Amino acid sequence: MQRRLLIGTYECSLDDRFRLAVPAKLRDHFADGATVSWWLDDCLVLAPGTEWDALIERTFGSLNVLNDKQRFLRRYLLAGAFPTDALDKQGRLVIPAKLREHAGLGAKVTVIGAGEYLEVWDPARLDARFGDLEREGVSSVASRLAEGMG
């Protein structure tokens, strides 16, 4: 059976112990735990525990350890990873202080599905990023990417 993509936008809160409740409709993906880490674009990545290694290998496995920048990027992403074997009974996991600082997280967060993982954003940062994309023109960006022009 093929896994469903992690999709959607969810307005969430961190509790007073800095725990994030994974949206209920997505919790089955995290039955075997989760890994949360700092990610690209000033947000956090939240990957199902069984998917983390494969995600990193597919995305960054071809980075050359002899290249200083590539080696540093891989090191950076792996150093920020915090795995947990299971969510608590309410479907929560703790977001460590270093990760909250990296993503500028406060009490309110936005969780978005990004296919094989979730991203955890400060709502204002995400709105600004989406606003930039909309001003540039989503279809225009998509066309350039399809043509290999970045």
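Check the entry above for the structure.
Residues numbered from 1 in each chain as written. Predicted model: local features only at pLDDT ≥ 70, side-chain atom pairs only at ≥ 80, totals over all residues. Heavy atoms only, no water.

Quick word on the overall build of the protein
What the protein contains, in helices and strands, is five helices and eight strands. Each helix (α) and strand (β) of the protein, taken in turn from the N terminus, gives the series β-β-β-β-α-α-β-β-α-β-β-α-α. Taking the principal axes of the C-alpha coordinates as reference, the protein spans close to 45 × 40 × 40 Å. Of all 150 residues assigned to the protein, the portion counted as buried reaches 38%. (Helix = DSSP H or I, 4+ residues; strand = E, 2+ residues; numbered from the N terminus. Buried < 20%, exposed > 50% of the residue type's maximum accessible area, 1.4 Å probe, protein only.)

Focus on the pairing of strand β1 (residues 9-13)
Alternating positions in β1 separate cleanly, Y10 and C12 being buried on one face and T9, E11 and S13 remaining unburied on the opposite face. Strand direction decides the pairing type here: β1 and strand β7 (residues 108-113), joined by five bridges, are antiparallel. Bridge assignment links Y10 to a residue of β7, and that residue is V111. (Pairing = 2+ DSSP bridges.)

With respect to the sheet that holds β1
Two strands in a sheet stick together by hydrogen bonds in their backbones, pointing the same way (parallel) or opposite ways (antiparallel). The strand order across the open sheet built from six strands is β1-β7-β8-β4-β3-β5, with neighbouring strands paired in antiparallel fashion. The sheet terminates laterally at β1 and β5 (82-84), the two strands that pair on one side only. Taking each pair of neighbouring strands and ignoring which way they run, the sheet shows an average axis angle of 25°. Bridging between strand β3 (residues 34-38) and strand β4 (residues 44-48) involves five bridges; their strand directions are antiparallel. (Axes fitted to C-alpha atoms, helices over the stretch in contact; angles between N-to-C directions.)

A few points about the pairing of β3
Counting buried residues along β3, five of its five residues qualify, which places the element largely inside the surrounding structure. Neither face of β3 is exposed, since A34, V36 and W38 on one face and T35 and S37 on the opposite face are all buried. Connecting the antiparallel pair β3 and β4 is a turn made up of five residues, with D41 showing a positive phi of about 65°.

Considering the packing of aromatic side chains
Evaluation of the coordinates by the stated rule reveals three aromatic pairs. One aromatic cluster is present, built from ring pairs that chain together W39, F60 and Y117. Of note, R100 hangs over the ring of F18, and the distance from its end group to the ring centre comes to 3.5 Å. (Phe/Tyr/Trp six-rings, centres within 6.5 Å; stacked < 30°, edge-to-face > 60°. Lys NZ or Arg CZ within 6 Å of the ring centre and 35° of its normal.)

Structural notes on the pattern of salt bridges
All chains considered together, the criterion is met by eleven salt bridges. With a closest N to O distance of 2.6 Å, D132 and R135 form a salt bridge. Taken as a pair, D132 and R135 lie in helix α4 (residues 123-136) at a separation of three residues, close to a single helical turn. Judged by its relative accessible area of 43%, D132 falls in the partly exposed class. Across the pair E136 and R144 runs a salt bridge whose closest N-O atoms are separated by 2.2 Å. What makes E136 partly exposed here is its relative accessible area of 45%. Via salt bridges that share partners, D15, R19, D88 and R92 belong to a single interconnected network. (Salt bridge = Lys/Arg side-chain N within 4 Å of Asp/Glu carboxyl O.)

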